[in-house]
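# What the coordinates show
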Amino acid sequence: MTRILVTGSAGQISTELIPALAERGYEIIATDIRPPPEDELEFAEFQILDVTDSQKVDSLIGKFSVDAIIHNASILSAKGEQDPLLALNVNFRGLENVLLAAKKHRVKKVLIPSSIAAFGPQTPKDHTPNDTIMRPTTIYGISKVYVELLGEYFHSKYGLDFRSLRYPGVISAKTKPGGGTTDWAVEIFYEGIETGSYTCFVKKDTIMPMMAMPDCINATIQLFEAPEENLIHRSFNVAGVSFTPEMLETELKRHIPDLQVEYKPDFRQLIADSWPRSIDDSVAREEWGWKHEYDLPKLVDYMFSDLSMKLKSKV
Ligand code: AKB
């Protein structure tokens, strides 16, 4: 059995990744600065961990003799711009602590997500290639380039089996994302179902790469399990579907015909404008067989039914 330590276990992606990994027979040590939702405890042993605490990172990884780490703890793009020093501490120091402990305790494999935020205004915006110019302008984006470069350095220098995938905005109902620039694509469902209206913080024609959570979980597990000899790259673009708030509004009106959406762009517009509009993921397809399943209508149906059920069960 492979024992995986997951950081950021109470976050949007980990709360769905951990049960999926447990179902595949992995033993999970879930860690976060706050305790996980009740239902996660049945899938994992939980430990409090602040990834900026180098001693605690080192001692937990040593104590549990983990085979692999999935390091998800990170400050996202919008929150990072509001508090760059926090992002510097959590994203940069946290990464260093995890990689150094992995090397010391001979952890075999480390998967650390990157993001479309690793690209910047000089990157080709449409069908952004896997290997292209990366000059991000946000602290979050810079931290993701650091993830890729430092992880690849630990791979070539110390033989660590490092892997990374560049997530687009991830759409899910279980746990809300916090502090991202793509959060509008989740918030519109919550506000739309609960109040019938939504004020969007980017312009209606801002096209952004997105992905439904089931695709995100599949991509993560597929890359984690891909035979190492198949990997030429270590960091991969993964695409789902690109859409604008207006396109999402139109689709969502199939379920909420009276939905009212207003557009009031704020500081997050500038971040969105610096990112790709669509992603070329042919390298991931070639090296580990990636293929997304959710187009926009399927994503909207999945999200609407999951979230309606969740919100109903709360009443
Ligand atoms: C964000 O918006 O910051 C994240 C991301 C694209 O990495 N969802």
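Along each chain, residue indices are assigned from 1 in the same order as the chain's sequence is written. At least 70 in pLDDT is required for a residue's local features to be given in this predicted model, at least 80 for side-chain atom pairs to be given and counted, and no such filter applies to totals for whole chains, interfaces and linings, which use all residues. Only hydrogens and water are set aside when side-chain values are computed; all heavy atoms of the structure are taken into account.

## Observations regarding the nonpolar core
Within the largest apolar cluster, 73 residues are counted, with the highest numbers of intra-cluster contacts made by Trp184, Phe189, Phe243 and Trp288. Where each domain starts and ends comes from a domain assignment, either automatic or drawn from a database. Here this core spans two domains, since at least three of its residues come from each of domain 1 (3-168 + 212-237) and domain 2 (171-209 + 241-278 + 294-313). In what follows, a contact means two residues having at least one pair of non-hydrogen atoms within 4.5 Å. Residues contacting Phe189, with those up to four places away along its chain left out, are Ile171, Leu248, Leu252, Leu299, Val300, Met303, Phe304 and Leu307. Residues belong to a common nonpolar core when they are buried Ala, Val, Leu, Ile, Met, Phe, Trp, Tyr or Cys residues joined through side-chain atoms within 4.5 Å. For every residue, the accessible area obtained with a 1.4 Å probe (protein chains only) is divided by the maximum for its type, and the residue is called buried under 20%, exposed over 50%, and partly exposed between those limits. Judged by nonpolar contacts, the second largest core, of 29 residues, contains Ile29, Ile61, Ile75 and Leu160.

## Overview of the domain arrangement of the protein chain
Many authors give the size of an interface as the accessible area that is lost as the parts come together. Assigned domains of the protein chain: these are domain 1 (3-168 + 212-237) and domain 2 (171-209 + 241-278 + 294-313). Taking only C-alpha atoms, the centre of domain 1 and the centre of domain 2 are 25 Å apart. Between domain 1 and domain 2, the residue contacts involve 28 residues of the former and 25 residues of the latter. Buried area counts how much accessible surface, traced with a 1.4 Å probe, disappears from two parts once they are put together, with both parts' losses summed. Both sides together, the interface formed by domain 1 and domain 2 hides about 2,300 Å², and carbon and sulfur atoms give 57% of it. Sorting the residues of domain 1 by area buried against domain 2 places Gln12, Ile116 and Lys125 first, and these three jointly supply 26% of that buried surface. The term salt bridge refers to a side-chain nitrogen of Lys or Arg lying within 4 Å of a carboxyl oxygen of Asp or Glu. One can count one salt bridge joining domain 1 with domain 2.

## Focus: the packing of helix 2 (residues 54-63) against helix 4 (residues 84-104)
Geometry of a packed helix pair, given as the angle between the helix axes and the separation of the axes. Look at helix 2 against helix 4: their axes get within 9 Å of each other, and the N-to-C directions meet at 35 degrees. Where helix 2 crosses over helix 4, the two elements pack in a sense that is right-handed. Counted together, Ser54, Val57, Asp58 and Ile61 of helix 2 and Asn97, Val98, Ala101 and Lys104 of helix 4 form the full contact between these two elements. Gly is put with the polar residues, along with every residue not named as nonpolar or charged; the nonpolar set is Ala, Val, Leu, Ile, Met, Phe, Trp, Tyr, Cys and Pro, and the charged set is Asp, Glu, Lys and Arg. For the contact of helix 2 with helix 4, the class distribution of residues is four nonpolar, two polar and two charged. Angles here are taken between N-to-C directions and fall from 0 to 180 degrees, while the axes themselves are lines fitted to C-alpha atoms, restricted in helices to the stretch in contact. Secondary structure follows DSSP: runs of H or I at least 4 residues long count as helices, runs of E at least 2 residues long count as strands, and numbering of each begins at the N terminus. Note on convention: near helix rotated counterclockwise from far helix by under a right angle means a left-handed crossing. Clockwise means right-handed.

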